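These are the residues of each chain, in order.
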Amino acid sequence: MVSTSTQIAGFAFDNCLMNAAGVACMTKEELAEVKGSAAGTFVTKTATLEFRQGNPEPRYQDVPLGSINSMGLPNNGLDYYLDYLLELQESEPNRTFFLSLVGMSPEETHTILKKVQVSDFKGITELNLSCPNVPGKPQIAYDFETTEKILSEVFAYFTKPLGIKLPPYFDIVHFDQAAAIFNKYPLKFVNCVNSIGNGLYIEDESVVIRPKNGFGGIGGQYIKPTALANVHAFYQRLKPEIQIIGTGGVLTGRDAFEHILCGASMVQVGTTLHKEGVAAFERITSELKDIMEEKGYESLEDFRGKLKYIEE
Ligand SMILES: Cc1cc2nc3c(=O)[nH]c(=O)nc-3n(C[C@H](O)[C@H](O)[C@H](O)COP(=O)(O)O)c2cc1C
């Protein structure tokens, strides 16, 4: 019997596939649809303290090899997602779900995390570090000083299971520096990767999204090699207690298989879910199981992290 079940932070999930934050997770209705699908769990849209309208439309565009977006973090505010998760804890006590969040400033991030800390929420929190924080500074995770400051402050009061969502890094020294920081903290996971930032897609003579004169985050097929490199680089560098969630460019069971081979314990689907709907989970799961069966693997442990290198 082939199983795609997995564990994150000690919680069990019957499938290793789930949505990526920002796709099919803005409203309770969308979250319920993911919950009722073949996905193992869901993560909410990244919540800020208050409701946000986000950027003017068009702000997302499907393109042949993926997607481009500059959403501007539209969301219903922390309480909306937290209340729903608390309801689910009552009605479905045997399942665990993810809450994604970030503040628009370090102060707001702490306010939000303190609210989660004192709430009855028993699930997993994902802090989105691939978000702008202070005007004039890069997104949090590209500013190692700010990243370290935030993590040291957060772990002074936050004792619930916490992981971080990271943007892609492109330099070996950055992998080393980032991993050295993450290894100092009791993180449960890192999620690699968020969109590749600030791409530009052109049709005829024009950009395809309105915000930022067309600059936007790239997802889908374009980003799989970068996503796999980030998953594997952190798998090699992080202490074993910090698990990896693989995100980026998952269209098929083969893509999910490669993320797991690179070290992922859970695999998230963004652009493909946007294009195909929740039926994508069943299709990708069955493709992944077919590959496992063909190779004689019964569980993810049989091949997780076992990427082969070409010997000297
Ligand atoms: C429309 C859209 C909204 C997104 N919003 C968020 C978000 O709120 N928080 C987050 O951590 N990532 C967000 N992402 C990034 C995705 O979670 C994912 O990391 C990225 O799209 C790469 O995966 P993919 O290649 O499967 O699309 C968003 C992506 C898209 C396409």
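Residues numbered from 1 in each chain as written. Predicted model: local features only at pLDDT ≥ 70, side-chain atom pairs only at ≥ 80, totals over all residues. Heavy atoms only, no water.

Counting 84 residues, the largest nonpolar core has F182, V190 and F234 as its most contacted members. With near-sequence residues (within four places) excluded, F234 lies in contact with L166, Y169, F175, A178, A179, F182, V190, C192 and I244. (Core = buried A, V, L, I, M, F, W, Y, C linked by side-chain atoms within 4.5 Å. Buried < 20%, exposed > 50% of the residue type's maximum accessible area, 1.4 Å probe, protein only. Contact = heavy atoms within 4.5 Å.)

Our focus in this paragraph is the site of the ligand. For the ligand, the set of nearby residues contains 23 residues, the closest of which are A21, T46, G220, G249 and T271. Between an oxygen atom of the ligand and a main-chain N or O atom of V193, the distance comes to 2.9 Å. For the ligand, an oxygen atom lies 2.9 Å from a polar atom in the backbone of G270. Relative to its unbound accessible area of 610 Å², the ligand is 97% covered by the protein chains. Its residues assigned to classes, the shell around the ligand comprises 8 nonpolar, 13 polar and 2 charged. (Near = heavy atom within 4 Å. Polar contact = N/O pair within 3.5 Å; in protein donor to acceptor, adjacent residues only side chain to side chain. Areas by Shrake-Rupley, 256 points an atom, 1.4 Å probe, with all protein chains shown as cover. Nonpolar A, V, L, I, M, F, W, Y, C, P; charged D, E, K, R; others polar.)

For the rest of this paragraph, the subject is the pattern of salt bridges. This structure, assessed with the given rule, holds 14 salt bridges. With a shortest N-O distance of 2.7 Å, K184 and E148 are connected by a salt bridge. Note that K184 is positioned in the loop between α5 (172–182) and β9 (189–192) and E148 in helix α4 (residues 144–154), a separation of 36 residues in sequence. On the accessibility criterion, K184 (53% relative accessible area) is exposed. Under the relative-accessibility criterion, E148 is labelled partly exposed at 22%. A salt bridge links K224 to D255; the nearest nitrogen and oxygen atoms lie 2.8 Å apart. (Salt bridge = Lys/Arg side-chain N within 4 Å of Asp/Glu carboxyl O. Helix = DSSP H or I, 4+ residues; strand = E, 2+ residues; numbered from the N terminus.)

Here the focus is the sheet that holds strand β4 (residues 60–63). If you trace the 4 strands from one edge of the open sheet to the other, you get β4-β5-β13-β10, paired in antiparallel fashion. At either end of the open sheet lies a strand with only one pairing partner, and these are β4 and β10 (196–200). The average undirected angle you get between the axes of adjacent strands in this sheet is 40°. (Pairing = 2+ DSSP bridges. Axes fitted to C-alpha atoms, helices over the stretch in contact; angles between N-to-C directions.)

So, on to the sheet that holds strand β14 (residues 243–247). Taken in spatial order, the 7 strands of this open sheet run β3-β15-β14-β9-β8-β7-β6, and their pairing is parallel. With partners counted over all chains shown, the strands left at the sheet margins are β3 (17–19) and β6 (98–101), one partner each. Between one strand axis and the next, the sheet turns by 25° as a mean value, whatever way the strands run. Direction of pairing for β6 relative to strand β7 (residues 124–128): parallel, over a ladder of 4 bridges. Bridge pairing links S100 to E126 in β7.

For the rest of this paragraph, the subject is the pairing of strand β15 (residues 266–269). Side chains M266 and Q268 project from β15 onto one buried face, and the interleaved V267 and V269 project onto a second face that is buried too. Two strands pair when backbone bridges link them, and β3 and β15 are joined in this way by 3 bridges, in the parallel orientation. If you follow M18 over to β15, its bridge partner there is Q268. Alignment of β14 against β15, held across 3 bridges, turns out to be parallel. For I245, the partnering residue across the bridge sits in β15 and is M266.

Under the criterion given, the structure shown has 14 aromatic pairs. Their ring planes at 35° and their centres at 5.9 Å tell us that F144 and Y169 sit as a pair that is tilted. Here F144, found in helix α4, pairs with Y169, found in the loop between β8 (162–166) and α5; they are 25 residues apart in sequence, far enough to count as distant. Taken as a pair, F144 and Y169 share a single burial class, namely buried. Cluster of aromatic residues (ring-pair linked, three or more members): Y142, F144, Y169, F175, F182 and F234. (Phe/Tyr/Trp six-rings, centres within 6.5 Å; stacked < 30°, edge-to-face > 60°.)

Its 14 residues place the ends of helix α2 (residues 78–91) 20 Å apart at the C-alpha level, agreeing with the 20 Å of an ideal helix rising 1.5 Å per residue. Buried positions along α2 lie against α1 (28–35), β6 and α3 (106–118). (Expected span 1.5 Å × (residues − 1).)

In this section: the packing of helix α6 (residues 224–237) against helix α7 (residues 253–261). Between α6 and α7, whose axes approach to 9 Å, the crossing angle comes to 25°. Classified by the angle their axes make, α6 and α7 are roughly parallel. The residues of α7 that touch α6, namely those facing K224, A227, L228 and V231, are D255, E258 and H259. Here the residues of the contact of α6 with α7 sort into 3 nonpolar, 1 polar and 3 charged. (Parallel < 35°, antiparallel > 145°, perpendicular 65-115°, else oblique.)

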